[in-house]
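Architecture at a glance
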Amino acid sequence: MQRCLRLCSARNRGLSPVSTENMLAVHFDQPGGPENLHLKEVPKPSPGEGEVLLKVVASALNRADLSQRQGQYAPPPGASSILGLEASGHVAELGPGCQGHWKIGDPAMALLPGGGQAQYVTVPEGFLMPIPEGVSLSQAAAIPEAWLTAFQLLHLLGNVQAGDSVLIHAGLSGVGTAAIQLTRLAGAIPLVTAGSQHKLQMAEKLGAAAGFNYKEEDFSEATLRFTKGTGVNIILDCIGGSYWEKNVNCLALDGRWVLYGLMGGANISGPLFSKLLSKRGNLITTLLRSRDNKYKQMLVKTFTEQILPHFSTESLQRLLPVLDKVYPVTKIQEAHVYMEKNKNVGKIVLELPQ
Ligand SMILES: NC(=O)c1ccc[n+]([C@@H]2O[C@H](COP(=O)([O-])OP(=O)(O)OC[C@H]3O[C@@H](n4cnc5c(N)ncnc54)[C@H](OP(=O)(O)O)[C@@H]3O)[C@@H](O)[C@H]2O)c1
């Protein structure tokens with residue numbers, strides 16, 4: 001009966017029936033444009049030592065998915081080649097050696113090195129987090145990658161302190177919307193850059209003290225004006241090349257410049273070192289996906305203990321995942337086009353057929 005319901009609901013959505021050993025997953029045969037993406041029936045994974053099988057209700061899109069689809073960002077060794085760095089759903093099976101933290105049927109959300117955009121994914125149990133009270137499964141799918149990244153950038157790498165000023169580039173990206181709220185939670189002052197008035201207004205609603213449209217003004221000069229000439233203590237930079245000179249110009253003495261993406265290119269030309277040295281600036285770089293399991297488990301545990309309680313309706317300074325659109329996964333091509341056009345404010349969520 002259960003199998004029939006599953007097949008019928010898949011059929012109702014125009015999907016092929018799937019046997020119990022198989023599942024539907026987002027797939028591309030060749031790297032290239034969004035038109036290469038489709039759903040494919042592939043074998044369902046089974047959990048290994050210390051792993052849990054998660055039945056996925058929702059996943060979310062990340063910039064990394066676009067790069068992987070274009071053939072520019074291979075999954076780390078051992079990771080699934082299926083797209084999807086995060087997912088929410090229910091625990092469906094426990095592998096050998098699980099420590100008893102999770103039981104079958106528990107709702108959970110997970111950080112993943114890949115594989116989230118499928119009906120099932122296996123994940124080390126230490127990468128799972130409980131879903132905060134008052135947060136839906138679709139909202140939960142938008143938390144792991146963006147929020148763990150923003151938390152890591154601010155606290156583990158940027159060493160944010162109350163009173164610090166933090167310049168957040170791509171302030172309305174998935175990561176940016178999390179970083180604005182976490183900066184406020186830390187008692188620091190978020191400033192953002194973004195490419196439209198609409199995005200800047202949204203940033204203000206999320207708690208940004210000021211926002212600069214990088215297409216219309218020099219964000220570096222505007223930042224110096226806002227900070228009365230001292231510059232910012234921390235820059236969260238996913239742009240890289242095209243912003244380097246402006247970044248170093250508006251960095252405070254002893255400031256921390258955390259580079260975590262290269263949307264503005266990888267090459268620079270000019271006296272970066274002398275300018276950075278004159279500020280005694282710290283340039284820190286990071287990639288989360290390629291970090292080892294021990295580091296990720298530590299990050300997930302610290303975030304779960306220190307930050308997750310703030311998502312609950314009881315919290316005085318409530319954190320909220322910002323969702324722009326929720327697509328059925330059948331619309332995966334549309335979702336990629338939307339992100340590629342820089343239209344999203346916050347996250348794009350994908351719902352999997354149940
Ligand atoms: N290192 C890590 O561990 C890690 C982890 C997660 C994400 N990331 C990186 O974080 C960044 C954000 O990821 P996401 O998934 O949250 O992104 P997203 O939601 O797709 O948002 C990206 C936004 O960046 C802005 N942008 C794009 N190209 C730009 C350019 N050349 N110059 C200035 N702004 C540009 C656009 O907004 P505007 O309209 O404002 O231009 C775009 O909407 C990406 O670079 C991603 O690779 C890194």
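The rules behind these values
- Residues numbered from 1 in each chain as written.
- Predicted model: local features only at pLDDT ≥ 70, side-chain atom pairs only at ≥ 80, totals over all residues.
- pLDDT = per-residue confidence, 0-100.
- Helix = DSSP H or I, 4+ residues; strand = E, 2+ residues; numbered from the N terminus.
- Contact = placed C-beta atoms within 7 Å.
- UniProt positions renumbered as here; feature names shortened; annotations may be inferred.
- Buried ≥ 20, exposed ≤ 12 C-beta atoms within 10 Å, placed from the backbone.
- Axes fitted to C-alpha atoms, helices over the stretch in contact; angles between N-to-C directions.
- Parallel < 35°, antiparallel > 145°, perpendicular 65-115°, else oblique.
- Left-handed = near helix turned anticlockwise from the far one by under 90°.
- Nonpolar A, V, L, I, M, F, W, Y, C, P; charged D, E, K, R; others polar.
- Pairing = 2+ DSSP bridges.

Confidence along the chain averages 94 in pLDDT terms, with 95% of residues attaining 70 or more. Of all secondary-structure elements in the chain, the lowest mean pLDDT belongs to helix α1 (residues 2-12), at 37, while strand β8 (residues 165-168) reaches the highest, 99. This model gives residues 1-12 a pLDDT under 50, and the stretch forms 9 contacts once residues within four places in sequence are excluded.

With that settled, the discussion passes to the UniProt feature "domain: Enoyl reductase (ER)" (unreviewed entry) in the chain. The UniProt entry lists residues 32-350 under the feature "domain: Enoyl reductase (ER)" (unreviewed entry), expressed in the numbering used here. Regarding residues 32-350, the helix share stands at 29% and the strand share at 25%, and the terminal C-alpha atoms are separated by 20 Å.

Another aspect to go through is unusual backbone geometry. In the Ramachandran plot, Ala 170 falls in the positive-phi region, its phi being about 50° despite a non-glycine side chain. Among the secondary structure elements, Ala 170 is positioned in the loop between β8 and α5 (174-185). C-beta crowding within 10 Å serves as the criterion here: with 25 such atoms nearby, Ala 170 is assigned to the buried category. Positive phi values are uncommon outside glycine, yet Arg 280 reaches one of about 50°. Structurally, the position occupied by Arg 280 is in the loop between α9 (272-278) and β13 (282-285). The class for Arg 280 is exposed, based on 11 C-beta atoms found within 10 Å.

Direction vectors running N to C along helix α4 (residues 144-157) and α5 enclose 50°, while the axes themselves pass 8 Å from each other. In terms of orientation, α4 and α5 fall into the oblique class. You can see that α4 and α5 cross each other, and the crossing is right-handed. Listed contacts from α5 to Ala 146, Trp 147, Thr 149, Ala 150, Phe 151, Leu 153 and Leu 154 of α4 are Gly 174, Val 175, Ala 178, Ala 179, Leu 182 and Thr 183. Classifying every residue of the contact of α4 with α5 gives 10 nonpolar, 3 polar and no charged.

Within the open sheet, the 6 strands sit side by side as β10-β9-β8-β11-β12-β13. Their pairing is parallel. Only two strands of the sheet have a single partner each, and these edge strands are β10 (210-213) and β13. The mean inter-strand angle of the sheet, taken between neighbouring strand axes irrespective of direction, is 15°. Pairing between strand β12 (residues 251-259) and β13: 4 bridges, direction parallel.

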